[in-house]
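Structural description and commentary
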Amino acid sequence: MEIAFLLIPMAVILVFAILGGLWWAIQTGQFEDLEEEGSRILEQD
Amino acid sequence: MVRIAMAEPRAVSSANPWLGLDIQSEWERFSQRETTTSSVWTSHVWVDSMHCAACSGRIEQSLKQHAGVLAVYASAASKRVRIVWDAQKTSPSKWFANLNEIGYPALPVTEYNAITDRTVQQRKMLWRLVVAVFCMMQVMMYAYPTYLTGSNDMTADMVQLLKWASWVLTLPVMLFSATPFLSQAWSSLKQRQLGMDVPVALGIMVAFIMSALATFAPGGWWGDTVYYDSLTMFVSFLLIGRWLDVKLRNRTAGALENMMRRLPHAVLKKNDAGEWVQIAASNINVGDILFVRPGEVFAADGKVVNGNTSADESMLTGESDPVMKAAGTKVIAGSGNLTSAIEMQVEQVGEGTQYHALVNLMASASTEKPGIALLADKVAQPFLWGVLLAAIVAVLYWWSTDPAKAVMSAVAVLVVTCPCALSLATPAAMLASAGTFAKGGVLIRRLQAIQAISEVDTIVFDKTGTLTENLQQVELAEAHPDWGSTLLLDMLATITRDSLHPVAKALHGFALQQDGSDQLPMQHWQEVVGGGTSATFTTQSGDAIEVKIGNARFCGITNEPETEALRQVYLTTGATMLARLTLSEQVKPHAKAAISQLISQGLDIQLLSGDRIAPVKNLAAQLGIANASGLQKAEDKLQHVKLLQQQGRKVLMVGDGLNDGPVIAAAHTSIAMGTGVPLTQAQADMVVLGNDIGVLVSLISHCKKTILIVKQNLLWAALYNAAGVPLAIMGLLPAWLAGLGMATSSLLVLLNALRLTHWDQLDWQKGQA
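Residues numbered from 1 in each chain as written. Chains lettered and ligands numbered in written order. Predicted model: local features only at pLDDT ≥ 70, side-chain atom pairs only at ≥ 80, totals over all residues. Heavy atoms only, no water.

Per an unreviewed UniProt entry, chain B carries the name Cu2+-exporting ATPase and comes from Methylophilus rhizosphaerae. UniProt, in its Sequence similarities (unreviewed entry) section for chain B, records the words "Belongs to the cation transport ATPase (P-type) (TC 3.A.3) family. Type IB subfamily." (UniProt positions renumbered as here; feature names shortened; annotations may be inferred.)

Identification of chain A as Cytochrome oxidase maturation protein, cbb3-type from Methylophilus rhizosphaerae is taken from an unreviewed UniProt entry.

With that out of the way, let us pick up the overall build of chain B. A count of helices and strands for chain B gives 24 helices and 27 strands. Burial analysis of chain B (769 residues in total) assigns 53% to the buried set. Partitioning the intrachain contacts of chain B with sequence separation of at least 6 by distance along the chain shows that 68% fall at a separation of at least 24. Surface accessibility of chain B: about 33,000 Å² in total, with carbon and sulfur atoms responsible for 58%. (Helix = DSSP H or I, 4+ residues; strand = E, 2+ residues; numbered from the N terminus. Buried < 20%, exposed > 50% of the residue type's maximum accessible area, 1.4 Å probe, protein only. Contact = heavy atoms within 4.5 Å. Areas by Shrake-Rupley, 256 points an atom, 1.4 Å probe, with all protein chains shown as cover.)

Moving on, we come to helix 7 (residues 197–216) of chain B. Here helix 7 of chain B contains 20 residues, and its C-alpha end-to-end distance of 28 Å stays within 8% of the 28 Å for a straight helix at 1.5 Å per residue. When you tally the buried positions in helix 7 of chain B, you get 14 out of 20 residues, the bulk of the element. (Expected span 1.5 Å × (residues − 1).)

Time to look at the packing of helix 1 (residues 3–27) of chain A against helix 5 (residues 156–177) of chain B. Running from amino to carboxyl end, helix 1 of chain A crosses helix 5 of chain B at an angle of 5 degrees, the nearest separation of the two axes being 10 Å. Taken together, the axis directions place helix 1 of chain A and helix 5 of chain B in an arrangement best described as roughly parallel. Mapping the contact onto sequence places Ala4(A), Phe5(A), Ile8(A), Pro9(A), Val12(A), Val15(A) and Phe16(A) in helix 1 of chain A and Asp157(B), Met158(B), Leu161(B), Leu162(B), Ala165(B), Val168(B), Leu169(B) and Pro172(B) in helix 5 of chain B. In terms of residue class, the contact of helix 1 of chain A with helix 5 of chain B is made up of 14 nonpolar, no polar and one charged. (Axes fitted to C-alpha atoms, helices over the stretch in contact; angles between N-to-C directions. Parallel < 35°, antiparallel > 145°, perpendicular 65-115°, else oblique. Nonpolar A, V, L, I, M, F, W, Y, C, P; charged D, E, K, R; others polar.)

Below, the discussion takes up the packing of aromatic side chains. All names here are of chain B. Across all of its chains, the model carries eight aromatic pairs over all chains by this definition. Taking the centre distance of 4.9 Å and the plane angle of 85 degrees together, the rings of Trp167 and Phe216 count as edge-to-face. In this pair, Trp167 sits in helix 5 while Phe216 sits in helix 7, placing the two residues 49 residues apart along the sequence. Residue Phe216 is classed as partly exposed on the basis of its relative accessible area, which comes to 45%. With a centroid separation of 5.2 Å and an interplanar angle of 85 degrees, the aromatic rings of Tyr397 and Trp398 are classed as edge-to-face. An aromatic cluster of three or more residues is present, and its members are Trp85, Trp95 and Phe96. (Phe/Tyr/Trp six-rings, centres within 6.5 Å; stacked < 30°, edge-to-face > 60°.)

The partner chain B presents 28 residues to the 25 residues of chain A that form the contact. Linking chain A with chain B are zero salt bridges, by the criterion used here. For the pair chain A and chain B, the interface holds three residue pairs in polar contact (both at pLDDT 80 or more). Those elements that provide at least two residues to the side of chain A that touches chain B are helix 1 and helix 2 (36–40) of chain A. Residue contributions to the side of chain A that touches chain B peak at 14 residues, all from helix 1 of chain A. Counted by class, the side of chain A that touches chain B contains 15 nonpolar, four polar and six charged residues. (Salt bridge = Lys/Arg side-chain N within 4 Å of Asp/Glu carboxyl O. Polar contact = N/O pair within 3.5 Å; in protein donor to acceptor, adjacent residues only side chain to side chain.)

Residue and element names in this part refer to chain B. Within the secondary structure layout, Gln160 lies in helix 5. For Gln160, a relative accessible area of 18% gives the class buried. From its side chain, Gln160 meets the backbone oxygen of Thr215 in a polar contact 2.5 Å long. Not counting residues up to four positions away in its chain, the partners in contact with Gln160 are Thr215 and Pro218.

Attention shifts here to a nonpolar patch on the surface. Residues and elements named next belong to chain B. On the surface, a nonpolar cluster with roughly 680 Å² of combined accessible area is contributed by Leu715, Trp716, Leu719, Leu747, Leu748, Leu751 and Leu754. Considering each element in turn, the nonpolar patch owes the most residues, four residues, to helix 24 (residues 735–754). Here Leu751 shows up in helix 24. (Patch = residues over 30% accessible without salt bridge, like charges linked within 9 Å, V, L, I, M, F, W, Y side chains within 5 Å.)

In this section: the side chain of Asp518(B). Residue and element names in this part refer to chain B. Within the secondary structure, Asp518 is located in the loop between helix 16 (502–513) and strand 18 (523–528). Look at Asp518: it is buried, it has no salt bridge, and the nearest opposite charge is Arg497 at 5.0 Å. Of the polar contacts made by the side chain of Asp518, one reaches the side chain of His508; its length is 3.0 Å. With residues up to four places along the chain from it excluded, the contact list for Asp518 reads Ala493, Thr494, Arg497, His508 and Leu512. (Lys, Arg positive; Asp, Glu negative; His and termini not counted.)

Residues and elements named next belong to chain B. If you walk across this open sheet you meet the three strands as 11-10-13, and the pairing is antiparallel. Sheet topology places strand 11 (323–325) and strand 13 (336–337) at the edges, where each strand pairs with a single neighbour. Relative to strand 13, strand 10 (residues 309–312) runs antiparallel, the two sharing two bridges. Considered in strand 13, the bridge of Asp312 is made with Gly336. (Pairing = 2+ DSSP bridges.)

On to the UniProt feature "transmembrane region" (unreviewed entry) in chain B. UniProt's entry tags residues 125–144, 164–182, 194–214, 226–244, 383–400, 406–438 and 714–730 of chain B with the feature "transmembrane region" (unreviewed entry), counted in the numbering of this structure. The span residues 164–182 of chain B shows a helical share of 95% and a strand share of 0%, and its end C-alpha atoms are spaced 23 Å apart.

The next point concerns the pairing of strand 8 (residues 289–292) of chain B. All names here are of chain B. Burial along strand 8 is two-sided: Ile289 and Phe291 and Leu290 and Val292, pointing in opposite directions, are all buried. Both strand 6 (residues 266–270) and strand 8 contribute to a ladder of two bridges, which runs antiparallel. Bridge pairing in strand 8 links Lys269 to Leu290. The pairing of strand 8 with strand 14 (residues 342–348) spans four bridges and is classified as antiparallel. Bridged to Ile289 within strand 14 is Gln345.

Let us now look at the sheet that holds strand 7 (residues 276–280) of chain B. All names here are of chain B. Pairing is antiparallel across the open sheet formed by six strands, whose spatial order is 7-6-8-14-9-12. Looking at the sheet topology across the chains shown, the edges are occupied by strand 7 and strand 12 (330–331). As paired elements, strand 9 (residues 301–306) and strand 14 share five bridges and run antiparallel to each other. If you follow Asp301 over to strand 14, its bridge partner there is Gln348.

Quick look at the pattern of salt bridges now. When the charged atoms of two side chains with opposite charge come close together, those side chains can pair. Residues and elements named next belong to chain B. Tallying each qualifying case throughout the model produces nine salt bridges over all chains. Note that Lys303 and Glu347 form a salt bridge whose closest N and O atoms lie 3.7 Å from each other. Separated by 44 residues along the polypeptide, Lys303 in strand 9 and Glu347 in strand 14 bring together distant segments of the chain. For Glu347, a relative accessible area of 27% gives the class partly exposed. A salt bridge links Glu347 to Lys330; its shortest N-O distance comes to 2.9 Å. Placement of Glu347 in strand 14 and of Lys330 in strand 12 is noted, with a sequence separation of 17 residues between them. One continuous salt-bridge network, built from bridges that share partners, spans Lys303, Lys330 and Glu347.

Dropping the structure here:
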């Protein structure tokens, strides 16, 4: 069970890493237009 | 007063109407410079007709081919296009004209700062939510083992490590995600009021402090139990509600702001040398002579100095007939020039115009709006005191015997009652309904409107555009027996062919629909403003006859028969009347059924219109409306609604014209039909995008259902608290069970609210014969 002493702090760090990724996603507006981007690829320029 | 074909000013014969935007001070209002020195600008424009990804693709494609345009980003969802362009190679008017050519007329987004503010605010709220949810998930993971294992299954070190890890993950939630609740609670305390956020903040703070003490100094009187899981879950649930609320408000606000800009950006002004020059509308001064082409909007109040035209003032005065404008008559900013080019002298600009007065009137009327307290807030106040009292009782009860149990019980009271279910009860149901409405083409600007609409007892309708179509319905009331009907229809179609007047257009359409041909040989066609048109036809025997179509005065008809139609027109030659036609407004489909349904529900229906009394009464009789008044100006309508409100009535105003704006703002609540003027929509609580008046009936019943579900939710929350609080005070409820109870009650509230996502817009017709 000693491995948990390593895994638990690692999980905490992982959460912060994931949050960092989400921060980037939110700040670049990835969540602001959920419908249109999906259909854009279907349009021929 | 024969229509004068005025020569287009030569200087601008090939000019485009956006030239005014080429002045740097003008384009700065909707653009930012890339760097302070470069000539590259980023501009934001609003394209209302961009509905789909195909449109945005076409816009991007077309603009990219434009020399000097460096990049184009079009988003159909927000109807905005971001254009990066080089001021040395191109100018805004060029790409504005380009957009117009491909069928997407654009407007500059001058409220760009407001939009960025809103985006930033929305992103921040989403970020708070994401932080809370992710930390919550991980804290749950750490809390899970302690719930499952017996007291000696885990080593003390492991338990301690889990607590520390939970504390680290709770910190961002406390310091960042929960700050709106903490700061709002603080400010409401400073105002000596007990808001919903106070127990929330108190619960969060006490739970966090107790947990932190238990983590870092276990074994004190505070015990060693941590509540990080309950705490983070609680904050996440609350933030979901807040975020949905912010998102909803921003979506409607952004769309409407841009449409409020009705006045033109650039105008043609006569300079000292007598030449026409393009200037920005913001540079117009009193006394300037402006050239206004047909189809343009008057930029300022003033008087006509040269030329004749008719103006569409329906948006400002409610008058649906075009108003004749000869030299010397006044024109109003915001009204449209319909038939011919004129020169006008400016008498009032900007704040002094009637248009601005109306906008201001609306703004002040909206501040008078009766504030409707949310249902939950009414329940909350006594409840909040109760919660605090219960927590104190728990502390006092246990303090002498066991201080740890005392504080634990108090926390259990605060957690179990944490007004999560209570504060979610109202917004969850309302947001579920708002989302459902949005899918069905009904936009909500104020969530309180749902409650307000469920309570109304009086509905005041505007006429044109709300109950009737803007199209005019033509009927052939009388025809000369000696003239063949084919010939009459052919003449009618031909003589109305070239006129832009709405009545002529309606007549032309009618004649063509009756298989008339508009290709008869015709000479000397003339249009007389405020009268009609005349032309010469050649009969088969070779005689030239002069035919007129128009109102009674123009055609020399003295004994005009009484009619309930909106107006009558005559087709005459000399003193002979060939035909009499009546024009009436077309009642919207479902209007009658919807009105009778509303009346059967016990609502008092009234009709207020700016049109003549006879047609208004006629329409009211058709629809079964007992109370109808005509010739109502904006002020009269406002007066009428205020009078009704003084009688204690709750008034729902349904309108569409700009002149309804003040009334819409003053009424208890309001609905704008979507074909109306954007300004009104900006004031109305709800906007119906479709044209179907029947939606109103199902809308009202769905609002009532929403309030019913809110009440169920509140009742459930109250029962849950009534059961939980005594147990918590008795110390029988461990904090984790209290947390679980809190989550379950919130979940039930949310699930109950989800029942509102089904909305059958046509269910009201089922009871109809």
